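Structural description and commentary
In case you want the letters, here they are:
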Amino acid sequence: MIPLSWYLILTAALFCVGLFGVLSRRNAVAILMSIELMLNAVILNLIVFWRYGQPADISGQVFALIVFAVAASEAAVGLALILSIYRRRSTVAADDINMLKW
Amino acid sequence: MTAMQAIFLLLGLITFLSAVMVVVSPQLIHAGLWLVLTLAGVAGLFVLLEAPFLAVVQVVIYIGAIAILIIFAIMLTRRMLREDGRQYNNLWAGAVTVSLILFAVLTFLVLQEPSLAAGSEPLQAETSVLLQDLGRSMVDVDRFIIPFEVASILLLAALIGAIYVARPMMASEEGDREE
Amino acid sequence: MEFDFNNPFGSITRLLTDLLLGLGLDQPLVAFILAVVGAGILAGATLTTAGVFNIWLERKVGARFQDRLGPNRVGPFGLFQGIADAIKLVLKEDITPLGADKVVFNIAPLLAVMSVVGLWAVVPFAPQLIGADLNVGVLYVVAIGGVGTLSVIMAGWSSNNKYALLGALRTVAMLISFEIPMVLVLLVPTMLAGSMGMVAIVDGQDVWYLLMAPVAALVFFISSLAEVGRTPFDLIEAESEIVAGYNIEYSGMKFGMFMVAEFFHSFTIGALFTVLFLGGWRGPGSETFPLLGLVYFIAKTFFMYFVVMWVRYTFPRVRIDQVMALNWKFLTPLALVIVMTTAVVDKLALEQSLPRTPVHLALNVALVLLTILALQAYARALRRKVEGLPEPEAGEVAGAAIGPG
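Before going into details, it helps to say that this report is about the structure given with it. (Residues numbered from 1 in each chain as written. Chains lettered and ligands numbered in written order. Predicted model: local features only at pLDDT ≥ 70, side-chain atom pairs only at ≥ 80, totals over all residues.)

1. Considering the overall build of chain B
Helices and strands together make up the secondary structure of chain B, namely 7 helices and 0 strands. Listed N to C, the secondary structure of chain B is α-α-α-α-α-α-α in terms of helices and strands. Sequence-distant contacts, at least 24 apart, represent 50% of the contacts inside chain B between residues at least 6 apart. (Helix = DSSP H or I, 4+ residues; strand = E, 2+ residues; numbered from the N terminus. Contact = placed C-beta atoms within 7 Å.)

Right under this line is the structure:
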């Protein structure tokens, strides 16, 4: 019998690891990987609350599936943008992509 | 310590350590492979939470598509075969602090609330019945057909957008612009 | 100690459970041990069969197709050829290229074999004989197939070889492209059976789904051939392209594992096709004698494996751009059309209480005719473009271009 708090601490840990990755990595693809970690933590959290809340109501799983779709489309567009930037600037370090910075 | 708790601790530890290795690995491809292990650990946790359809969807979409896409992007955006340059930017100390503070706050909140220490009730319906209900709810006019259709339009837009953005530059665009 | 012949797997499990409980272990540990032992036996039995017997079968059948004898020295009829090959590969020097990533280099062949062995967990051999009766069995098959794609990338990247990397990227592009028609077409037996579980699909096949959905079966077969990397899609391991293959830097038993994974995957395709479209273990008398169902299943699987080899020795190899054109311009639209029309027709047949089999068969025949007409028109347009002829105008020229009728 696993207490709900254990699951929530695990998802909080995954989310914070992803947050550290987003804020501190230089490579844009690494930042995207950390974003995927955060999204995974969110989806896991949704399913945990579905299971421990009202498992008879399938809306929890539907919510998680829509988040899956959003995560997949965001990863695809993000990586396409990174590829395009690499073609023009020959770098994917987030520090160097600063032409719009004032 | 029941068997389920031991399995949860094992899977949770694997997932968490792989996630840490994702953000810490000096070589980006290794980070990509550690990400695959993290996603597999999360799929195992879905099975533990009695959502087998979501576990399989996680493997198909995340590991079978998104992780491979990320590894492709890593391979296509390197200038040489070895990684060089610094891995973290100037703000990494602040990032560690923020993450640790957020984790501490979330854990404190979770442990404060007594209702969150309860275990789960056993599932009343079988997973196959739930699976059929999931399928029906996605196309039911009174339930979730609109989010379903919106998600499919979102995926179509992302597909078209990604193809257009990642198109190789046409030779005519690099020279004089005719349009 | 009664042995129930109608449920041999269950009675063996009961006997072992009683034995282990008698030794003083508690129930969850016993269940865990039995699961591990069962998985080991299943994986070991199928892997040994594939690794040893199928290599011999492949070479013998291939030789007979090419009007020669095949291996006949090692043992009676050359049956121990597979063991001889395995011993040879083990004794070869195990080279790791300089600058290769050792951990990833060593894990890649393991992952390739793992992904194929994992497929056998959801295959129903006989009425009660299945590894794990998941109710998402069909999607599980797709998922485990996707993991095999990872091993190709890992092998290509960790070899520290530009050509291996290029070959791996080409291979992965082909593999992930052909997953799409495969997933779409797997919806057809799911719809006809009403469930994604393999046992439910076998139970729903009073009439084989090959007769109710032949187009879907064909698309699944072609996509599975491409997923394995067999001819006509074997540009990965072709002799003329071997420098661009992803396993160029592997030697010895690691290369052997890639080869075993490929043979085993071909055999697994036979098994999956049997379960999904040929009725699995069903046949005359298999409900009363489950072991007879096992015999039917093995016979059908080996027949499908023979068909896979038949295709290999019949068709020439396809180029990578032709492969991509085949997938995106032909198989994916065809799969989409099949899924949509099967759904509509099935619903109509159920509501109008028509018999399902003739209706679906008629739909598939109509689809085949329409596809042939579309391909003819496409070929005609292509030929016209190549020869530089003008487009036909409305009138007698158009009537002639459409053909008789």
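2. Quick notes on the environment of Ala335 of chain C
Following the sequence through the fold, Ala335 of chain C ends up in helix H12 (residues 320–352). Excluding anything up to four places from it in sequence, Ala335 of chain C contacts Pro181, Leu184, Val185 and Val219 of chain C.

3. A word on the interface of chain A and chain B
Listed as interface residues are 62 residues of chain A and, on the opposing side, 76 residues of chain B. At the level of secondary structure, the elements contributing two or more residues to the side of chain A that touches chain B comprise helix H1 (4–24), helix H2 (28–52) and helix H3 (59–89) of chain A. For the side of chain A that touches chain B, the leading source of residues is H3 of chain A, giving 20 residues.

4. A few points about the interface of chain C and chain B
Taken together, the contacts link 17 residues of chain C with 17 residues of chain B. Of all the secondary structure elements, the ones that give two or more residues to the side of chain C that touches chain B are helix H5 (137–158) and helix H6 (162–193) of chain C. For the side of chain C that touches chain B, the element with the highest residue contribution is H5 of chain C, accounting for 10 residues.

5. Thoughts on the nonpolar core
Among the nonpolar cores identified, the biggest contains 178 residues, and Val29 and Ile47 of chain A, Val56, Ala67 and Ile70 of chain B together with Val185 and Val219 of chain C are the most heavily contacted of them. Among the elements that line this core, the one with the most residues is helix H3 (residues 52–76) of chain B, at 17 residues. (Core = buried A, V, L, I, M, F, W, Y, C linked by C-beta atoms within 7 Å. Buried ≥ 20, exposed ≤ 12 C-beta atoms within 10 Å, placed from the backbone.)

6. Quick look at the arrangement of the chains
Contact analysis covers 2 pairs of chains in contact, and the most contacts occur between chains A and B. Chain A makes no contact with chain C; the smallest distance between any of their C-alpha atoms is 14 Å.

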